[in-house]
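Here is what each chain is made of, one letter per residue.
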Amino acid sequence: SETLLSVVIPERPGAFRQLIGRLEPRNVTEFSYRHAGPGADAAHIYISFQAAGAEDNASVIAALRADGCETLDLTANELAKDHARHLAGGRVTIEHERLYRFEFPERPGALSRFLDALNGGWNVSLFHYRNHGGDVGRVLAALQVPEADSDAFDTFLTELEYPYVRECGNVAYKRFLQAS
């Protein structure tokens, strides 16, 4: 069954990977997050995954709470399921942010491969994924990559071998996700 959680994690590089590590090997079906802006110390995340049952769901929540993550089970919350999960985020200006659409292969480990390949100093400032049951998962991700790391970032994109499109100039990004 699908479990929908609201999780608060530290706003720092590597925290996203740690969160996903707590969910593995379960299938993550959705993930929505947007950096709260300069000076933010906490990231608020909507995440859904397939739990093996109520006991498995409870063990994931307990593990997240043991890690110090504020965790709310929203599985029975109709507002969260139908609307709020699609509105997570907002407009903010993030230094060195680069926005990309990716196609992740729909197979276990694809997200982990992406996160493990990231330079430890790059921060994920936006991430949205929803499993639609196809061969590929459509992902929107923004990463904070300093200009000095441009060559390393290009190498990351090439070696990842996931199709991608740079979206930094997209009008929807500028209108709904980036503060003016």
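Within each chain, residue numbers correspond to sequence positions counted from 1 in written order. Given that this is a predicted model, residues contribute local features only at a pLDDT of at least 70 and side-chain atom pairs are listed and counted only at 80 or more, while totals for whole chains, interfaces and linings are drawn from all residues. Side-chain metrics rest on all non-hydrogen atoms present in the structure, leaving aside hydrogens and water.

A.B. asks: Just to check I follow, could you spell out the environment of Lys81 for this structure?
C.D. replies: Structurally, Lys81 can be placed in helix α3 (residues 78-82). Summary of the burial criterion: residues with accessible area below 20% of their type's maximum are buried, those above 50% are exposed, and those between are partly exposed, where the area comes from a 1.4 Å probe applied to protein chains only. Lys81 sits in the partly exposed class, given a relative accessible area of 28%. Spatially, the C-alpha atom of Lys81 lies 31 Å from that of Ala117, the residues being 36 residues apart in sequence. Runs of E in the DSSP output that reach at least two residues are strands. Runs of H or I that reach at least four are helices, and both are numbered from the N terminus.

A.B. asks: Is there a simple way to think about unusual backbone geometry in this case?
C.D. replies: Leaving glycine out, the prevailing phi sign among residues is negative, and the prevailing peptide bond configuration is trans. The peptide bond linking Glu24 to Pro25 adopts the cis configuration, its omega dihedral lying at 10°. With respect to the element layout, Pro25 can be found in the loop between α1 (15-23) and β2 (28-34). Here the phi dihedral of His96 falls at roughly 60°; this positive angle occurs in a residue that is not glycine. Its location among the elements puts His96 in the loop between α3 and β5 (97-105).

A.B. asks: Would you mind showing me how to read the packing of helix α4 (residues 110-117) against helix α5 (residues 150-160) here?
C.D. replies: Each pair of packed helices can be described by the angle between their axes along with the distance between the axes. Between α4 and α5, the shortest axis-to-axis distance is 10 Å and the interhelical angle comes to 155°. Between α4 and α5, the angle is such that the two are roughly antiparallel. As α4 runs across α5, the sense of the crossing is right-handed. Together, Arg113, Phe114 and Ala117 of α4 and Phe156, Glu159 and Leu160 of α5 make up the contact between the two elements. Helix axes use the C-alpha atoms of the stretch in contact, all axes being lines fitted to C-alpha atoms, and the angles between their N-to-C directions lie in the range 0 to 180 degrees. By the definition adopted for this analysis, an angle is roughly parallel if under 35 degrees, roughly antiparallel if over 145, roughly perpendicular if from 65 to 115, and oblique otherwise. Note on convention: near helix rotated counterclockwise from far helix by under a right angle means a left-handed crossing. Clockwise means right-handed. When checking whether two residues touch, look at their non-hydrogen atoms; a contact exists if any pair is within 4.5 Å.

A.B. asks: What am I meant to see in α5 here?
C.D. replies: Side chains three or four residues apart in an α-helix point the same way, a direct result of the helix having 3.6 residues per turn. Residues of α5 that are buried include every one of Ser150, Phe153, Phe156, Leu157 and Leu160, and no others. One side of α5 carries all its buried residues, which in axial view fall inside an arc of 115°. Structural note: α5 exposes Asp151, Thr158 and Glu159 on the side pointing more than 90 degrees away from its buried face. As for α5, its buried residues are in contact with β5, α4, β7 (136-144) and β8 (164-166). Directly after α5, the chain includes Glu161, whose backbone phi takes a positive value near 65°. The arc in question is the one spanned by the directions pointing from the helix axis to the C-beta atoms.

So, to be careful, I would describe these as geometric facts and stop short of saying anything about function.
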